[in-house]
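Structural overview for review
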Amino acid sequence: MTASTTIPISKEFDFPLQNAEGETCTAHAWAKVPPQLSTAERDALMQKSAELLKARNAVLVAHYYVDGDLQDLALATGGCVSDSLEMARFGRDHEAQTLVVAGVRFMGESAKILSPEKTVLMPDLEATCSLDLGCPIDEFSAFCDAHPDRKVVVYANTSAAVKARADWMVTSSCALAIVNHLKDKGEKILWAPDRHLGKYIQQQTGADMLMWQGACIVHDEFKGLELDLLRKQYPGARILVHPESPTSVVQQADVVGSTSQLLKAVIDGAEGETFIVATDNGIMHRMRQLAPGKTLIEAPTAGNSATCKSCAHCPWMAMNALQGVVDCLAKGTGEVFVDAEIGRKAAGCITRMLNFVKEHPEALVVKDGGRLAGMTPGIGAA
Ligand code: SF4
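So, how was this worked out
- Residues numbered from 1 in each chain as written.
- Predicted model: local features only at pLDDT ≥ 70, side-chain atom pairs only at ≥ 80, totals over all residues.
- Near = placed C-beta within 6 Å.
- Helix = DSSP H or I, 4+ residues; strand = E, 2+ residues; numbered from the N terminus.
- Nonpolar A, V, L, I, M, F, W, Y, C, P; charged D, E, K, R; others polar.
- Domains from an automatic or database assignment.
- Buried ≥ 20, exposed ≤ 12 C-beta atoms within 10 Å, placed from the backbone.
- Pairing = 2+ DSSP bridges.
- Right-handed = clockwise from strand over helix to strand, strands pointing away.
- Contact = placed C-beta atoms within 7 Å.
- Core = buried A, V, L, I, M, F, W, Y, C linked by C-beta atoms within 7 Å.

Points about the site of the ligand
Surrounding the ligand, one finds 14 residues, the nearest of these being C129, S130, C216, V218 and C314. If you list the elements that add at least two residues to the shell around the ligand, you get α6 (130–133) and α15 (315–318). Considering only residue class, the shell around the ligand consists of 10 nonpolar, 2 polar and 2 charged. Two domains each put at least three residues into the shell around the ligand: domain 1 (11–25 + 131–217 + 343–364) and domain 2 (33–129 + 317–338).

Quick word on the pairing of strand β11 (residues 274–278)
Regular strands have side chains that alternate between both faces of the sheet. Within β11, 4 of the 5 residues are buried, which leaves the element mostly enclosed by the surrounding structure. Judged from the 4 bridges that link them, strand β9 (residues 238–241) and β11 form a sheet pairing that is parallel. Looking across to β11, one finds that R238 is bridged to F275. For the crossover from β11 across helix α14 (residues 283–290) to strand β12 (residues 295–298), the handedness is right-handed.

As for the environment of T171
By secondary structure assignment, the location of T171 is in the loop between β6 (168–170) and α9 (175–184). Residue contacts for T171: discarding those within four places in its chain leaves D83, S84, L85, A156 and S258.

Examining the environment of D254
For D254, the location among the structural elements is in the loop between α12 (247–250) and β10 (255–256). Taking the C-alpha atoms as reference points, D254 and R238, separated by 16 residues in sequence, lie 6.0 Å from one another.

Here we look at the nonpolar core
By size, the foremost hydrophobic cluster in this structure holds 116 residues, and its most contacted members are L60, V61, V100 and L240. Per-element accounting of this core gives the leading share, 6 residues, to helix α17 (residues 340–359). Discounting chain neighbours no more than four positions away, the residues touching V61 are A74, G79, C80, M87, F90, G91, L99, V100, V101 and A111.

What about the sheet that holds β9?
Here 4 strands make up an open sheet; going across it, the order is β10-β9-β11-β12 and the pairing parallel. Sheet topology places β10 and β12 at the edges, where each strand pairs with a single neighbour. Taken together, the 4 bridges between β11 and β12 define a ladder with parallel strand orientation. Bridge pairing links V277 to E298 in β12.

Concerning unusual backbone geometry
That bond from A192 to P193 is cis: its omega, -10°, falls within 30 degrees of zero. Inspection of the secondary structure puts P193 in the loop between β7 (189–192) and α10 (195–205). One non-glycine residue, N57, adopts positive backbone phi at about 50°. The topology assignment puts N57 in the loop between α2 (39–55) and β1 (58–63). For N57, a count of 11 C-beta atoms within 10 Å corresponds to the exposed category.

As for the pairing of β1
Most of β1 is tucked away, with 6 of its 6 residues classed as buried. Residues A58, L60 and A62 point to one face of β1 and V59, V61 and H63 to the other, with burial holding for every one of them. Bridge count between β1 and strand β2 (residues 80–82): 3 bridges; the pairing is parallel. Residue H63 lies in a different strand from β2, and its bridge partner there is S82. Remark: the β1/helix α3 (residues 68–76)/β2 crossover connection has right-handed handedness.

Observations regarding helix α4 (residues 84–93)
S84, L85, E86, M87, A88 and G91 are the residues of α4 that are buried. Packing partners of the buried residues in α4 comprise β1, β2, β3 (98–102), α5 (105–114), α13 (259–268) and α17.

Take a look at the structure:
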């Protein structure tokens, strides 16, 4: 077997859908997405949230994919808007005793694992992720048991129990560098759960990686053929792609990277430059704020006959709302708990990643055409 071979895995460990039964759970999530607020309602909830954050000595840690109001609230009240790597670091290092995590369940769990003494609240505890749902601990544990000769590397988008079974956790910001590091040490890798990200890393590093077959329901929808047609309409546009996208989309990218890395590519672009962006469209809010002179186009998730050309938005991220922030702070709802023993074990693989990134800041550098992008104040690891 060559170093870059993907080992065919049994159907038993094939989880391309959202859960082991193959059910899609998104209808439930969309049904919980709150209706649009009037300006007066929005302003009142923003003010109430800010007062409660202050009164509870709490800080809001938000992901780029959540509603723009929550992102604005986080920045206006001393919190952060970032990718999952920076969210984990920010929550751990902040002095606040209560963290409100606006994102999805695994982000709240990671915050609690890194700060077990803090109270971690979420606007809606049912906000989850298809990658997490598609990697149940019992099946994943059996997969690991069947391959004891491999280092277990899991993506951040997994449950605390799955992280507790892993040797390393990675985010899309640092996955390439950590897998390269393990490969240089002669390690063989068991990778989970995102098949597209795993394939991209395997192609880039040549590492020996055995893949779990999960997928993100948002990024999995980007279409290579449609993107190619769109590029022809905008011949000067640069293509930015998150590596959870299919290979046919990643292959057309000028920049492949995490949300922070894609954001930095837009900020660093020339005035008036056009970008086609293949990631959750929640990121457009921050991109427009930080790069107002650029033209941003959402990458296509459907063909000409579809009513919606791009519907790239995560239903679980969309469940996060201002009312949820008010409720969790006022009523103490949405508190995240992680079993102490699972948390202690999971902390090992998360801390290993954070230490690696601290010792190897170059790990976060992404190739942007001929340029190299480094750390950027205000947007974290880029
Ligand atoms: S966008 Fe995809 S990877 Fe991110 S939380 Fe939603 S389902 Fe999970």
